[in-house]
Structures are given as structure tokens and as C-alpha cells.
Amino acid sequence: SFYNATGISSGVVSRNGTILTMTKWTNICTKFHRVNPESEKLCIESDKYILNQFKTGNEIVNFRCKNGLIDMGAPIVVDGIFLATIFVGQVLFEEPDIEYFKKQAKEFGFDEKSYLDALKDIQVVDKEEYEKTINFLKDFAQMVGDMGLKQLKLLEARNKLKFSDERYRLAICGSNDG
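Notes on the structure follow.

### Describing the side chain of Asn36
At step 1: Secondary-structure assignment places Asn36 in the loop between helix H2 (27-33) and helix H3 (37-52).
At step 2: At 3.1 Å, the side chain of Asn36 and the backbone oxygen of Phe108 are in polar contact.
At step 3: For Asn36, the residues in contact, after removing those within four places along its chain, are Phe108 and Phe110.

Following this line, the structure appears as C-alpha cells:
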């Protein structure tokens, strides 16, 4: 739904780098960068770089990966615990340097025409507007995480109360038997 409303690809990556969700990642990433073992290493390096930049839990990090695209990441922190990173990306902040991407196609053995066609689908976005997008997603993930944690704590409290009530009921029933 977020992609349908904004046209922006997103993903959630665990602390150890496992991709938990990916929504409408671009063809240049799914059919080229993440398929080729050498260019995939650059993708993983980008993910790890972003993950390692988080200090307070409020950062938004943007990074131009060595594959030439911009990713932004923000931590998902619930109850002070860093759970995962939300990523938006596979965009550019300026028109692409076609020669750079031609060189990259040759380096990784990509079909140049197909690769450059996939490059045409990459959005060129305004950096400040894009930061607003990831801020929204970070805040939304925080809100959902906090609500889930609150519900979990409420469920745990109910279960403790139910257990306590059951023990009390058994004690009262047992005292009548005595």
C-alpha cells in the first residue's frame, strides 16, 4: 500500500542483515545487483554501513552504495531495543551518470541495454522530500512497535492476573474442603 501511494520501494532488515520485508524493489536491484555475487556484496556492504551509523535510534542515514544508487535507513527501536532497520531506496538525487552505469554493466557482465533500461526506472527524487518519507516510516514503525509492545504487556498482565485468580479460587475451594 505504501508503494502504491508513493512509488517508493522499502524494506525491513534485521539487525543481523536478514531481509525481513521487501516491497517493490527495483529491477536494477532484484535482477542485477542482488543476483550477481560481486555486486550483491556491494549491496550488503551498503546495508551494513547504514546499520553501523545508528548511535541514538533517531538517525536517518543516506548512503550512495558502490552500485550507484541511494538508500536511506532508519532504526526501528521499541522499548529502547534496536530491532531492525527500515530502508527506502534505490533512488537517485540527481540524473544518473550513464557512463558510470555502462562501466558497471561491463564490470559485472550485465547486458548493457537491459541494465540501462532498468536504470530508467530509478526515481530521481528531492533529498529533503525523501527524508520526510523515511521520517514518516520510522515514526510509523515506532508507533506500531510501541502499540504491539503495549498489547503484549497487557496480555502478559492479564495472564498473570488469571493465574493469580485461579490460585486464589483453588485456595478458597480447598479451605472449604478442609
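So much for the structure itself; the text now carries on.
### A short note on the pattern of salt bridges
At step 1: As enumerated under the stated definition, the model contains 8 salt bridges in all.
At step 2: When the shortest N-O distance is used, the salt bridge between Lys66 and Glu45 registers 2.9 Å. In this pair, Lys66 is assigned in the loop between strand E3 (61-64) and strand E4 (70-78) and Glu45 in helix H3, connecting sequence segments 21 residues apart.
At step 3: Glu45 gets classed as partly exposed once you look at its relative accessible area, which sits at 35%.
At step 4: In this structure, the salt-bridge partner of Lys132 is Glu129, at a minimum N-O distance of 3.1 Å. Here Lys132 and its partner Glu129 are both found in helix H6 (residues 127-177), 3 residues apart, which amounts to about one turn of the helix.
At step 5: The exposure class of Lys132 is exposed, given its relative accessible area of 52%.

### Some words on the packing of aromatic side chains
Aromatic ring pairs are defined here through the distance separating the ring centres and the angle between the ring planes.
At step 1: What the rule picks out here adds up to 8 aromatic pairs.
At step 2: Between Phe32 and Tyr115 the ring centres are 5.2 Å apart and the planes differ by 75 degrees, which places this aromatic pair in the edge-to-face class. In this pair, Phe32 is assigned in helix H2 and Tyr115 in helix H5 (residues 112-119), connecting sequence segments 83 residues apart. The same class applies to Phe32 and to Tyr115, which are both buried.
At step 3: Note on Phe101 and Tyr115: the rings are 6.3 Å apart at their centroids and 45 degrees apart in plane angle, and the pair reads as tilted. With a gap of 14 residues between them, Phe101 in helix H4 (residues 98-108) and Tyr115 in helix H5 connect regions that are remote in the sequence.
At step 4: Using a relative accessible area of 0% as the deciding quantity, one classes Phe101 as buried.

Parameters and conventions
In every chain, residue numbers begin from 1 and rise along the written sequence. For a predicted model such as this one, the threshold for reporting local features is a pLDDT of at least 70, and the threshold for listing and counting side-chain atom pairs is 80 or more; totals across whole chains, interfaces and linings nevertheless cover every residue. For the side-chain quantities, the full set of heavy atoms in the structure was used; hydrogens and water were omitted. Helix numbers and strand numbers start at the N terminus; a helix is a DSSP run of H or I with at least 4 residues, a strand a run of E with at least 2. N or O atoms closer than or at 3.5 Å make up a polar contact, with two conditions inside protein: a donor-capable atom paired with an acceptor-capable one, and, for residues adjacent in sequence, both atoms drawn from side chains. Residues count as neighbours in contact if any of their non-hydrogen atoms are within 4.5 Å of one another. We define a salt bridge as a side-chain nitrogen of Lys or Arg found within 4 Å of a carboxyl oxygen belonging to Asp or Glu. A 1.4 Å probe rolled over the protein chains alone gives each residue an accessible area, and that area as a share of the maximum for its type sets the label: buried under 20%, exposed over 50%, partly exposed in between. Note on aromatic pairs: the rings of Phe, Tyr and Trp (six-membered ring only in Trp) are paired at centre separations within 6.5 Å, and the planes decide the class, stacked below 30 degrees, edge-to-face beyond 60, tilted for the rest.

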